[in-house]
Amino acid sequence: MLSDHDHRLLKLIQQDCRLTPEELAIQTGLTVENITHKIREWEDQNVIVQYRPLINWERAGHESVSALIDVKVLPQRGYGFDKIARRLQKFPEIKAVYLMSGGYDLSLLIEGRTMQEVALFVAEKLAPLEHIQSTTTHFVLRRYKQDGIELISGDEAPQRLMISP
Amino acid sequence: MKRFLNPTVASLPPSGIRKFFDLVATMKDVISLGVGEPDFITPWTVRESGIFSLEQGQTMYTSNAGILELRQELTRHLALTLGLIYNPESEILVTVGASEAVDLAMRALLAPGDVALVPDPSYVSYAPCAIMTGADVRYVPTRASEQFRLRVEDLAEAYTPEAKLLVLSYPNNPTGAIMTREDLLPIAEFVREHDLLVLSDEIYSDLTYEGSHTAFASLPGMWERTLHLSGFSKSYAMTGWRIGYVGGHPDLIQAMTRIHQYTILCAPITAQVAAIEALRSAETAKQEMVAAYDRRRRLLVHGFREMGLSCFEPLGAFYVFPDITATKLSSEEFAEQLLHEEKVAVVPGTAFGPSGEGHIRCSYAYSTEQLKEALERISRFVWRRL
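What you see is a predicted model; the values in this text were computed from it and never measured. Residue indices follow the written sequence of each chain, beginning from 1 at its first position. Following the order in which they are written, the chains are lettered starting with A and the ligands numbered starting with 1. Whole-chain, interface and lining totals are the exception, using all residues; otherwise, since this is a predicted model, local features are given only for residues with pLDDT of at least 70 and side-chain atom pairs are given and counted only at 80 or more.

**Describing the overall build of chain A**
By the criteria applied, helices consist of DSSP H or I runs no shorter than four residues and strands consist of E runs no shorter than two, each listed in order from the N terminus. A count of helices and strands for chain A gives six helices and six strands. Ordered by position from the N terminus, the helices and strands of chain A form the series α-α-α-α-β-α-β-β-α-β-β-β. A total of 165 residues make up chain A; the buried ones form 12% of that total. A pair of residues counts as a contact when their C-beta atoms, built from backbone coordinates, are separated by no more than 7 Å. Restricting to contacts in chain A with at least 6 residues of sequence separation, those with at least 24 account for 51%. Three exposure classes are used, based on other C-beta atoms lying within 10 Å of a residue's own C-beta, which is placed from the backbone: buried for 20 or more, exposed for 12 or fewer, and partly exposed in between.

Next comes the structure, spelled out in structure tokens:
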């Protein structure tokens with residue numbers, strides 16, 4: 001079980017991984033040594049997998065296309081869905097692979113530069129794979145929120161009074 | 001036209017905050033740590049329920065005491081979190097912010113000749129509301145050396161036989177002080193011995209960073225002697241909704257409701273509906289806000305101590321109250337010069353009563369980036385004077 005302290009520390013790192021152990025120590029009341037040790041442990045255990053920023057590519061002026069693909073798969077004896085999922089996750093074009101409940105089995109997130117590129121990947125690489133029964137492609141038209149962050153807010157931040165009792 | 005004014009109102013001193021407010025309004029690029037409200041926006045689920053109620057056309061008056069469903073939720077909430085038992089039918093009144101409840105309580109209880117005992121420093125409304133009833137106020141000083149807790153010795157010193165009401169306000173604005181159960185027990189004993197009533201404004205109770213909050217009314221024998229005031233402004237970031245409440249003995253609540261029915265009629269229905277949602281489903285959002293305040297609190301206390309100022313560790317609300325006497329400036333001088341030289345707005349401690357001298361109130365209801373920038377500016381200012 002994750003302790004309250006650890007949970008809070010991980011959340012804080014997740015919100016802003018640029019915070020130094022010294023800054024984390026000030027804000028949490030834990031010691032720098034304790035925090036450094038914890039972080040190293042989490043890195044070793046792959047609890048903290050990577051440190052990277054959330055980039056709004058659209059705003060940066062970079063055009064790209066994403067699609068969510070519903071995939072129906074024939075499960076394999078002895079392996080279930082694992083074998084095909086592991087095979088799929090090797091493709092660099094595939095950014096996420098989820099096993100789903102409901103009407104289909106796997107959900108894939110694919111990114112490419114153009115719709116054409118994504119469509120070709122699905123038609124030429126994905127659909128012909130053994131054990132894949134069918135695919136349905138849904139192109140992402142706009143990203144409003146990602147990883148808990150609102151990408152399109154537009155509204156101006158409401159203003160507080162400068163001084164109030 | 002001043003000759004027409006009620007002399008009591010005419011003699012009320014202007015709020016010590018007003019002067020600063022006017023000054024700050026004329027300046028640009030000011031970082032303000034002067035705000036007494038959360039920087040968070042009301043949790044979406046709460047806003048959404050208010051919007052939905054408007055869409056449904058819930059735009060009417062409610063009963064004077066507030067929507068019964070809200071009073072029921074409140075009694076459930078108070079029982080679960082503070083162990084306070086109230087009857088939703090007769091012992092809870094929903095008000096326009098806890099501020100209205102302060103005014104109602106003073107008017108329902110005090111008459112000319114009575115005395116209200118008010119901790120010093122404390123929130124700016126208590127003394128004026130008491131004075132407007134024709135009563136007198138006696139300040140009970142609190143000190144940094146005692147973590148700004150109210151001590152029974154100081155209470156005894158300020159006491160007079162005309163004293164009828166004691167105001168308690170913990171966690172405290174502006175000091176951030178809290179009172180534990182052990183701290184409160186001797187006060188309760190004093191209250192019983194001297195037959196006082198207590199107005200306990202516990203609006204910051206959810207913002208307690210160590211241990212758990214003890215409601216004064218939960219102490220032995222204190223339920224019937226206490227008006228428990230609170231509201232949604234601080235815990236749920238709902239200042240602009242203006243929604244608060246008071247729980248207490250039915251005789252007192254009935255008297256307060258009578259004034260409320262003639263002056264306010266009822267709290268706004270949209271805010272009442274949103275408050276129900278806040279109690280039902282904003283607990284997680286609240287906990288996240290509290291965790292953020294706690295981190296900022298540590299950041300600010302650390303920052304002031306690094307500057308060489310003594311700063312007692314506040315364990316509640318969202319203010320730090322550092323001691324600035326090392327700069328040889330008065331609270332007002334400090335705040336004014338800091339504003340002019342470094343464009344940081346803080347509130348002089350004296351705005352909250354004479355015992356606030358030598359301190360400034362800094363709110364940490366700001367993002368850590370803003371707090372870091374403010375600390376940098378303040379430390380430049382302080383170093384020039386040490």
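What follows picks up the thread again.
**Here's the deal with the sheet that holds strand β11 (residues 347-348) of chain B**
Residues and elements named next belong to chain B. Pairing between strands requires that DSSP locate at least two bridges from one strand to the other. Taken in spatial order, the three strands line up as β9-β12-β11 in an open sheet, and their pairing is antiparallel. Pairing within the sheet leaves two strands with one partner each, and these edge strands are β9 (319-320) and β11. Where β11 lies against strand β12 (residues 360-363), two bridges are found, and the strand directions are antiparallel. Paired with V347 across the strands is R361, a residue of β12.

**Quick look at the interface of chain B and chain A**
Each partner contributes to the interface: chain B provides 22 residues, whereas chain A provides 12 residues. Sorting the residues of the side of chain B that touches chain A by element identifies α2 (18-25) and α11 (283-306) of chain B as the ones contributing at least two each. In terms of residue count, the dominant contributor to the side of chain B that touches chain A is α11 of chain B (five residues). The nonpolar class holds Ala, Val, Leu, Ile, Met, Phe, Trp, Tyr, Cys and Pro. Asp, Glu, Lys and Arg form the charged class, and all remaining residues, Gly among them, are polar. Here the side of chain B that touches chain A is built from residues that sort into 14 nonpolar, five polar and three charged.

**Points about the confidence of the model for chain B**
Confidence scores labelled pLDDT are given residue by residue by the predictor and lie between 0 and 100. For chain B, mean pLDDT is 96; residues scoring 70 or higher make up 100% of the total. Quick note on the complex model: pTM equals 0.91, ipTM equals 0.82.

**As for the domain arrangement of chain B**
All names here are of chain B. According to the domain assignment, chain B contains domain 1 (2-42 + 284-383) and domain 2 (44-281). Placing the centre of domain 1 and that of domain 2 at their C-alpha centroids yields a distance of 24 Å. If you look at the interface, domain 1 gives 36 residues, while domain 2 gives 37 residues. Secondary structure elements with two or more residues in the side of domain 1 that touches domain 2: α1 (7-10), α11 and β9. The element contributing the most residues to the side of domain 1 that touches domain 2 is α11, with six residues. Where each domain begins and ends follows an automated or database-derived domain assignment.

**Focus on unusual backbone geometry**
Residue P121 of chain B is reached from D120 of chain B by a cis peptide bond, and omega for that bond is 0 degrees. The residue P121 of chain B is located in the loop between β3 (115-120) and α6 (126-132) in this model. Cis geometry is found at the peptide bond from Y170 of chain B to P171 of chain B, where omega equals -5 degrees. Relative to the helices and strands, P171 of chain B resides in the loop between β5 (163-168) and α8 (181-193). In this model, D147 of chain A sits at a positive phi of 50 degrees, which is unusual for a non-glycine residue. Its location among the elements puts D147 of chain A in the loop between β5 (145-146) and β6 (149-150). Residue classification places D147 of chain A among the exposed positions, given that 7 C-beta atoms sit within 10 Å. Positioned with a positive phi, K328 of chain B is a non-glycine residue whose angle comes to about 60 degrees. Among the residues examined, K328 of chain B registers 10 C-beta atoms within 10 Å and is labelled exposed.

**Here we look at the domain arrangement of chain A**
On domain assignment, one finds that chain A holds domain 1 (4-44) and domain 2 (62-141). Between the C-alpha centres of domain 1 of chain A and domain 2 of chain A there is a distance of 36 Å.

**What about the pairing of strand β7 (residues 226-231) of chain B?**
Residue and element names in this part refer to chain B. With respect to burial, β7 is a largely interior element, six of its six residues being buried. Every second residue of β7 is oriented toward a common face, with T226, H228 and S230 on one face and L227, L229 and G231 on the other, all of them buried. Alignment of strand β6 (residues 197-201) against β7, held across four bridges, turns out to be parallel. Opposite V198, over in β7, you have T226 as the bridge partner. Where β7 and strand β8 (residues 244-247) come together, four bridges link them in antiparallel fashion. Bridge assignment links H228 to a residue of β8, and that residue is G247.

**Digging into helix α3 (residues 32-44) of chain A**
An α-helix turns once per 3.6 residues; consequently, residues spaced three or four apart project the same way. For a helix, the expected span equals 1.5 Å multiplied by the number of residues minus one. With 13 residues, α3 of chain A should cover 18 Å at 1.5 Å per step; its first-to-last C-alpha distance of 18 Å lies within 8% of that length. Positive phi shows up at N46 of chain A, right after α3 of chain A, with a value of about 60 degrees.

**Side note on the packing of helix α1 (residues 4-15) of chain A against helix α2 (residues 21-28) of chain A**
Packed helices, taken two at a time, are described by their axes: the angle between them and the distance between them. All names here are of chain A. The N-to-C vectors of α1 and α2 enclose an angle of 130 degrees; their axes lie 11 Å apart at closest approach. If you check the angle between α1 and α2, you find them oblique. Taken as a pair, α1 and α2 cross one another with a handedness that is right-handed. Contacts from R8, L9 and L12 of α1 reach α2 at L24, Q27 and T28. Axes here mean lines fitted to C-alpha atoms, for a helix over just the part in contact, with angles spanning 0 to 180 degrees between N-to-C directions. Angle categories: roughly parallel below 35 degrees, roughly antiparallel above 145, roughly perpendicular from 65 to 115, and oblique for all the rest. Each helix crossing is assigned a hand: it is left-handed if the near helix lies turned anticlockwise from the far helix by less than a right angle, otherwise right-handed if that turn is clockwise.

**Considering the sheet that holds strand β2 (residues 92-95) of chain B**
Residues and elements named next belong to chain B. Strands sit in the order β2-β8-β7-β6-β5-β3-β4 across an open sheet of seven strands; the sheet is mixed. With one partner strand each, in any of the chains shown, β2 and β4 (136-141) form the two edges of the open sheet. Direction aside, neighbouring strands of the sheet carry axes that sit 20 degrees apart on average. Relative to β5, β3 runs parallel, the two being bridged by three bridges. The residue of β5 that forms the bridge with V115 is A163.

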